[in-house]
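Overview (structure and organization)
What follows is each chain in one-letter form.
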Amino acid sequence: MLWKEIIGEYGIVIDFAYRSFVWTNEAKGKAAVHCVIIGFSKGTLKKKKIFDGDEVILTQNINPYLVDAPTVFIESRKNPLVNVAKINYGSMPIDNGFLILSNDEKKQCVDENPDTEILLKRYVGGDELINNKIRWCLWLKDTPDPRLIRKSRFIMDRIRNTKQFRETSKRIATNKLADYPMLFGEIRQPDSQYIAIPKVSSERRRYIPISIVEPNVIANGSLLIISEANLYNFGILTSNVHMAWMRTTCGRMKSDYQYSASAANRNMKRPQCFLEEEHCSLLFLCFRGENK
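Before going into details, it helps to say that this report is about the structure given with it.

The next subject is unusual backbone geometry. One non-glycine residue with positive phi stands out, namely Ile-94, at about 50 degrees. Note on Ile-94: relative accessible area 22%, which makes it partly exposed.

Here it is, written out as structure tokens:
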């Protein structure tokens with residue numbers, strides 16, 4: 001909101017801008033630094049320039065999003081402009097890794113007691129969703145037979161370690177979670193199919209790899225999730241229009257896209273469609289396919 005103040009109150013305008021680029025130097029172990037360069041004044045230049053790689057764009061105006069467009073400010077919203085499905089974070093284990101399993105650890109658990117396999121669920125975050133990596137978690141919420149937990153030395157050791165981690169934390173909220181060491185610290189898992197959005201994804205992709213996921217796959221905190229996994233919501237979120245809006249309004253992690261529900265989803269109006277909502281979404285996906 002810095003630009004809103006200096007442009008609105010002080011009459012500053014952007015004269016030129018270099019869009020995000022990687023800063024390089026010859027230092028060893030150098031950090032990955034991404035920069036923008038912005039020149040501004042009280043509005044003496046009539047022609048402005050936007051530098052994007054080797055391209056130079058001449059324009060009458062550069063707005064705070066470094067695009068050739070009128071000056072507007074997109075603010076974070078608690079309440080959306082229109083009625084849209086609510087986006088939440090996935091569940092947070094707060095376990096120091098003890099409730100999360102690799103393939104080898106899953107095999108170790110099941111080899112000890114094959115009946116415990118029903119207590120293990122696929123565990124998916126942004127990295128797993130994008131790169132099809134496999135991880136598992138101990139999902140002991142509403143366990144059909146608690147005796148399975150007590151009979152498994154592997155699972156009981158994991159629960160004890162989680163309890164110890166939470167008890168010794170410096171955060172009071174985490175200390176309280178030690179009373180329930182078999183459960184994730186924050187549970188937001190939908191009971192039906194849900195839409196999963198990686199919080200961070202590569203800028204090299206034209207589309208964020210958004211998916212519809214089954215409820216027995218546990219989403220972690222590096223995913224944003226929508227419980228209402230209907231085709232209309234999926235079609236809007238994966239549309240070319242929404243991707244363009246996301247690239248303009250959302251922040252970046254380095255130069256990668258960092259999706260923001262408060263900026264992108266709640267600030268975007270939906271197109272008016274006179275067909276059934278699911279038919280509209282199919283049209284969006286067809287247009288996307290034709291414009292690759």
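Turning to the sheet that holds strand S5 (residues 88-89), a few remarks are in order. If you trace the four strands from one edge of the open sheet to the other, you get S5-S13-S9-S11, paired in antiparallel fashion. Edge positions in the sheet fall to S5 and strand S11 (211-213), since each has one partner strand and no second. Pairing of strand S9 (residues 194-198) with S11, which is carried by three bridges, proceeds in the antiparallel orientation. Of the residues in S11, the one forming a bridge with Tyr-194 is Val-213.

Before going further, it helps to examine the pattern of salt bridges. The full count for this structure, using the stated rule, is 11 salt bridges. Its salt-bridge partner being Arg-147, residue Asp-145 comes within 3.0 Å of it at the nearest N-O pair. What makes Asp-145 partly exposed here is its relative accessible area of 23%. The class for Arg-147 is partly exposed, based on a relative accessible area of 48%.

What follows covers the sheet that holds strand S14 (residues 251-253). The three strands lie next to each other as S10-S15-S14, forming an open sheet whose pairing is antiparallel. A single partner strand is all that each edge strand has here, and the edge strands are strand S10 (200-201) and S14. Of the pairings in the sheet, the one linking S14 to strand S15 (residues 256-258) comprises three bridges and is antiparallel in character. Among the inter-strand pairings, Arg-252 is bridged to a residue of S15, identified as Tyr-257.

Below, the discussion takes up the nonpolar core. Cys-137, Leu-138, Leu-140, Ile-155 and Phe-184 are the most contacted members of the largest nonpolar core, which has 20 residues in total. Every element with two or more residues in this core is listed here: strand S6 (100-101), helix H2 (103-112), strand S7 (120-124), strand S8 (136-138), helix H4 (147-151) and helix H5 (153-167). When sequence neighbours within four positions are dropped, the list of residues in contact with Ile-155 reads Cys-109, Thr-116, Leu-119, Leu-138, Leu-140 and Ile-149. Counting residues in hydrophobic clusters, the runner-up holds 19 residues, among them Tyr-207, Ile-210, Ala-229 and Met-243.

To continue, consider the packing of H2 against H5. Taken N-terminus to C-terminus, the directions of H2 and H5 make an angle of 125 degrees; their axes are 8 Å apart at the nearest point. Taken together, H2 and H5 sit at an angle that is classed as oblique. Across from Glu-105, Gln-108, Cys-109 and Glu-112 in H2, the residues of H5 making contact are Arg-153, Phe-154, Ile-155 and Arg-158. In the contact of H2 with H5, the residues fall into three nonpolar, one polar and four charged.

Let us look at the environment of Trp-136. One can find Trp-136 in strand S8. The exposure class of Trp-136 is buried, given its relative accessible area of 15%. Linking Trp-136 and Val-124, residues 12 residues apart in sequence, is a C-alpha distance of 8.0 Å. Once residues lying within four places of it in the same chain are set aside, the contact partners of Trp-136 are Leu-99, Ile-100, Leu-101, Ser-102, Asn-103, Lys-106, Leu-120, Lys-121, Arg-122 and Tyr-123. Within the structure, Trp-136 has its side chain in polar contact with the side chain of Asn-103 (distance 2.8 Å).

Now for the side chain of Lys-106. Along the chain, Lys-106 turns up in helix H2. You can call Lys-106 buried: its relative accessible area is 15%. Within the structure, the side chain of Lys-106 is placed 3.4 Å from the side chain of Glu-117, a separation counted as a polar contact.

Within the span of helix H8 (residues 240-249), buried status applies to His-242, Met-243, Met-246 and Thr-249. One face of H8 carries all of its buried residues, which in axial projection span an arc of 145 degrees. Buried residues along H8 sit against helix H7 (231-237), S14, S15 and helix H9 (261-265).

Rules used throughout
- Residues numbered from 1 in each chain as written.
- Predicted model: local features only at pLDDT ≥ 70, side-chain atom pairs only at ≥ 80, totals over all residues.
- Heavy atoms only, no water.
- Buried < 20%, exposed > 50% of the residue type's maximum accessible area, 1.4 Å probe, protein only.
- Pairing = 2+ DSSP bridges.
- Helix = DSSP H or I, 4+ residues; strand = E, 2+ residues; numbered from the N terminus.
- Salt bridge = Lys/Arg side-chain N within 4 Å of Asp/Glu carboxyl O.
- Core = buried A, V, L, I, M, F, W, Y, C linked by side-chain atoms within 4.5 Å.
- Contact = heavy atoms within 4.5 Å.
- Axes fitted to C-alpha atoms, helices over the stretch in contact; angles between N-to-C directions.
- Parallel < 35°, antiparallel > 145°, perpendicular 65-115°, else oblique.
- Nonpolar A, V, L, I, M, F, W, Y, C, P; charged D, E, K, R; others polar.
- Polar contact = N/O pair within 3.5 Å; in protein donor to acceptor, adjacent residues only side chain to side chain.
- Arc of directions from axis to C-beta.

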